[in-house]
Amino acid sequence: MSKFQFPESIKSRPVYGTLEPRPGKSHLMIADAEGAEALLDLAAQDADLMAKAHIIFIPKGTAYSDKLQALNPAQYYEGPSYEASVQRLRHVLANAHQGTQVYLAGTEGLMGQAQNEAMQAGIPHTAIQTEHRGSVARRMQCVHCKGITEDVMHDPFQCAHCGLHLFVRDHYSRRLAAYQGVRVDAEDHGNIPEPVELYK
Amino acid sequence: MTIQFNNETFRDDYSFHNSDWAIKRFPFPFHEDSYMYSVNMEQHRGGPEGSVYEKRFDVDEHYVSEMRDRAMVLADDPLRCQSLPHMTLAGWDLLELIMVSKSEDYPDLFELHRDGNTWRWINKPLGIDDTFTFLDETTLPYGPMEYITRQAQGDFCVLDQRDEMLWMDAGMVTTQADWSLDFDIGMNFFEWHAPVPLAHEMGIFKRALKFLLNIQQGAPARRLNWTMTVNPLLDTSPENYHKWGIQKTTLTPENIGSKQHLRVELQTFFRLPRSNALVFPIRCYLISFQDLVTMPKWGRRLHRVVRDLPDELATYKGFIDNRPMMLDYLSQFDDGLPTSPGVFPDQDTEPALQK
Ligand code: HEM
């Protein structure tokens, strides 16, 4: 599957790279959905990596499980959702060796949240790589009620918490792992534009 | 002079008003007839007597009412004041800076008595007389930054300096021009400035950061920034934009003179001694168009600036839709005469309006 090229944007918006094998005693890999393809590509570059790898994978309805397990990682875990996996992730990060390499792949929401956990656990940002694959959906915070809406594909969208219709900004908070949503009809109540798919 | 504190509101009935004194000393931000972003920084070492630049932390007639408004904002939304755990020492630094400055600059209003680490702080306008132990958080009703910034006009960002970068790691932000501390906390200088148009491409933020990283203790700096606000609303936050945004549509040719306000921020920069953090106070001054044009030079100049401002800036500052109505109003106060250089009104030398 070809990778989506995000258009050039403002300076708070994260940019993602391409995963590459790095030397290290242990390798923590966290991916969701099509992010699995980035891990498969990584393994293809360096087959020895997997003997020291712990994979945390959230399939989100995709069928990559067999292929990932066939890489024979030292540890493999599949979670039904990011939220369900996060306790385990924290535990693994808290016990990570110095020099652990972290590889994040998949949607922006997954990478942003996992990156946050890794930084909070004291993993230096130079030891964290990211690669976007799959859905271009955004994790959005409503600036008014502070509620998070996951997997937003359209602009404007309706806040899952307070119900306001929100404009999708490019301003991004790493701490929240979310973009900012702002009431679209604040200056003309009720005038809500037809939602358009992101990047279309 | 002794200050007569106004009893006024910045919401609902908007009874905010400026006295003749406040109008004359208003920090008009345009030193010429046009405006574009620049690295407009200078030393903050006083200014003309009575001007807002004279003291380290200006106190004016709005002080008591502004502090009441801040308390209301915080009661509604405590997230407007946040401090990441490593910023407590910087909070104490800030408390010291403000207490020392205010008690020295306004001895009739504020007193600080220090006996070792036992400090007694008297704030007469707000009726506060507290004794506490410096550097002991348990002896104050709030953390040190929150305690002192509930008693100081303007917003405060406290920036940690590390890796040749500034990080927005603490702040008290209730009078902001449409940005969110809760969203921006933890960001670096380039990230929190990301939404600003044109200035990144102009290299302004790179140069500004270099300047800020080198600010030394005892050598503060300052700059002005400005925007437009309909009604004298201090809390133009994104958090409440779904409530106040609609007020922008209430302007009419009849009410624009009293409703439309120029909003000016006097921004200062101080290095803090123990933490090496940088504090960035953002003091907001509001003036209605009808008060502003009582100074003929300011009326002429504001018309020209608003007329010629690039669309990107008028959009970012949120007044592009109202610009035509503003220009209809302001053009009445522009007779085409030249204006004197500099920001001061020059009342004695500038000619009266010739129309
Ligand atoms: C370290 C202290 C500073 C802090 C905390 C700070 C913070 C901010 C924030 C939060 C915004 C709003 C961005 C948004 O739209 O979300 C802003 C805007 C801006 N800042 Fe700063 N800033 C600082 C220093 C400076 C300096 C030194 C300059 C010098 C050129 C500068 C130039 C600007 C400009 C031009 C804007 C756009 C304002 C407008 O058009 O209304 N800032 N700043």
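Conventions we followed
Residues numbered from 1 in each chain as written. Chains lettered and ligands numbered in written order. Predicted model: local features only at pLDDT ≥ 70, side-chain atom pairs only at ≥ 80, totals over all residues. Heavy atoms only, no water. Contact = heavy atoms within 4.5 Å. Buried area = accessible area lost by both parts, 1.4 Å probe. Salt bridge = Lys/Arg side-chain N within 4 Å of Asp/Glu carboxyl O. Helix = DSSP H or I, 4+ residues; strand = E, 2+ residues; numbered from the N terminus. Nonpolar A, V, L, I, M, F, W, Y, C, P; charged D, E, K, R; others polar. Buried < 20%, exposed > 50% of the residue type's maximum accessible area, 1.4 Å probe, protein only. 1 Å grid on protein atoms, 1.4 Å probe; cavity = no way out; pocket = protein on both sides within 12 Å on 5 of 7 lines; lining within 4 Å. Points joined across faces, edges and corners; volume = space filled by probe spheres on them. Donors = N, O, S within 2.8 Å, 3.2 Å for Na, K, Ca; no water. Phe/Tyr/Trp six-rings, centres within 6.5 Å; stacked < 30°, edge-to-face > 60°. Lys NZ or Arg CZ within 6 Å of the ring centre and 35° of its normal. UniProt positions renumbered as here; feature names shortened; annotations may be inferred. Core = buried A, V, L, I, M, F, W, Y, C linked by side-chain atoms within 4.5 Å. Near = heavy atom within 4 Å. Polar contact = N/O pair within 3.5 Å; in protein donor to acceptor, adjacent residues only side chain to side chain.

### Topic: the interface of chain A and chain B
Next, step 1: Contacts between chain A and chain B engage 24 residues on the former and 23 residues on the latter.
Next, step 2: Sorting the residues of chain A by area buried against chain B places Lys11(A), Arg175(A) and Glu187(A) first, and these three jointly supply 30% of that buried surface.
Next, step 3: Linking chain A with chain B are five salt bridges.
Next, step 4: Among the ionic pairs, Asp182(B) bridges to Arg175(A), the shortest N-O distance being 3.3 Å.
Next, step 5: Secondary structure elements with two or more residues in the side of chain A that touches chain B: strand 10 (165-173) and strand 11 (178-183) of chain A.
Next, step 6: It is strand 11 of chain A that provides the largest number of residues to the side of chain A that touches chain B, a total of five residues.
Next, step 7: When the residues that make up the side of chain A that touches chain B are grouped by side-chain class, the tally is nine nonpolar, seven polar and eight charged.

### Here's the deal with the environment of Phe289(B)
Residues and elements named next belong to chain B.
Next, step 1: Note that Phe 289 resides in helix 10 (residues 289-292).
Next, step 2: Overall, Phe 289 belongs to the buried group, its relative accessible area being 0%.
Next, step 3: Separated by 148 residues in the primary sequence, Phe 289 and Pro 141 place their C-alpha atoms 40 Å from one another.
Next, step 4: Contact partners of Phe 289, with chain neighbours within four places excluded, come to Met 228, Ile 256, Gly 257, Gln 260, His 261, Leu 262, Leu 302, Met 326, Tyr 329 and Leu 330.

### Let's talk about the layout of surface pockets
Next, step 1: Roughly 1,400 Å³ of internal volume is contained in the second largest pocket.
Next, step 2: Elements supplying a minimum of two residues to the lining of the second largest pocket: helix 4 (108-120), strand 5 (128-132) and strand 10 of chain A together with strand 7 (165-172) and helix 6 (189-192) of chain B.
Next, step 3: The biggest single contributor to the lining of the second largest pocket is helix 4 of chain A, with seven residues.
Next, step 4: When the residues that make up the lining of the second largest pocket are grouped by side-chain class, the tally is 16 nonpolar, 17 polar and eleven charged.

### Structural notes on unusual backbone geometry
Residue and element names in this part refer to chain A.
Next, step 1: The residue after Asp 155, namely Pro 156, is reached through a cis peptide bond having omega -5°.
Next, step 2: Secondary-structure assignment places Pro 156 in the loop between strand 8 (154-155) and strand 9 (157-158).
Next, step 3: Backbone geometry places Asn 72, a non-glycine residue, at a positive phi of 55°.
Next, step 4: Locating Asn 72 in the fold gives a position in the loop between helix 2 (65-69) and strand 3 (75-78).

### Focus on the coordination of the iron atom of the ligand
Each donor-metal-donor angle would ideally measure 109.5 degrees in four-coordinate tetrahedral geometry, or 90 or 180 degrees in six-coordinate octahedral geometry.
Next, step 1: Just one protein atom coordinates the iron atom of the ligand, and that atom is His193(B) (NE2), at 2.0 Å.
Next, step 2: Along the chain, His193(B) turns up in the loop between helix 6 and helix 7 (204-213).

### Details of the packing of aromatic side chains
Next, step 1: Counted according to the given criterion, the structure contains 33 aromatic pairs over all chains.
Next, step 2: Ring centres of Phe28(B) and Trp298(B) lie 5.0 Å apart, and the angle between their planes is 10°; on these two criteria the pair is classed as stacked. Pair noted here: Phe28(B) is in the loop between helix 1 (20-24) and strand 1 (42-43) and Trp298(B) is in helix 11 (residues 296-308), with a separation of 270 residues, a long-range link. Across the pair, Trp298(B) and Phe28(B) agree in class, each one buried.
Next, step 3: Note on Phe132(B) and Tyr147(B): the rings are 6.4 Å apart at their centroids and 55° apart in plane angle, and the pair reads as tilted. With Phe132(B) in strand 5 (residues 128-133) and Tyr147(B) in helix 4 (residues 144-149), the pair connects residues that are 15 residues apart, well separated along the chain. Here Phe132(B) matches Tyr147(B) in class, with each residue buried.
Next, step 4: Taken together, the aromatic side chains of Phe26(B), Phe28(B), Phe30(B), Tyr35(B), Tyr37(B), Trp226(B), Trp298(B) and Phe319(B) make up a single cluster linked through ring pairs.
Next, step 5: The ring of Phe6(A) has Arg13(A) sitting right over it, with the charged end atom 4.5 Å from the ring centre.
Next, step 6: Lys317(B) extends its terminal NZ or CZ atom over the ring of Trp226(B), reaching a point 4.2 Å from the ring centre.

### Observations concerning the UniProt feature "domain: Dimethylamine monooxygenase subunit DmmA-like C-terminal" (unreviewed entry) in chain A
Next, step 1: Under the UniProt annotation, "domain: Dimethylamine monooxygenase subunit DmmA-like C-terminal" (unreviewed entry) lies at residues 139-182 of chain A.
Next, step 2: Annotated as residues 139-182 of chain A, this span is 0% helix and 61% strand, and its ends, taken at the C-alpha atoms, are 14 Å apart.

### A closer look at the nonpolar core
All names here are of chain B.
Next, step 1: With 66 residues, the main nonpolar core has Leu 166, Phe 189, Trp 226, Met 228 and Leu 262 as its most contacted residues.
Next, step 2: Here this core takes six residues from helix 7, the largest share from any one element.
Next, step 3: Sequence-distant contacts of Phe 189, defined by excluding residues within four places in its chain, comprise Met 165, Leu 166, Phe 205, Ala 208, Leu 209 and Leu 212.
Next, step 4: Listed in part, the 39 residues of the second largest apolar core include Met 87, Val 100, Tyr 147 and Phe 156.

### A look at the site of the ligand
Residues and elements named next belong to chain B.
Next, step 1: Near the ligand you find 23 residues, and of these Tyr 37, Trp 192, His 193, Tyr 316 and Lys 317 are the closest.
Next, step 2: In the environment of the ligand, an oxygen atom lies 2.4 Å from a nitrogen or oxygen atom belonging to the side chain of Tyr 37.
Next, step 3: Lys 317 places a polar side-chain atom, nitrogen or oxygen, 2.9 Å from an oxygen atom of the ligand.
Next, step 4: Considering each element in turn, the shell around the ligand owes the most residues, four residues, to helix 7.
Next, step 5: A per-class count over the shell around the ligand returns 18 nonpolar, three polar and two charged.

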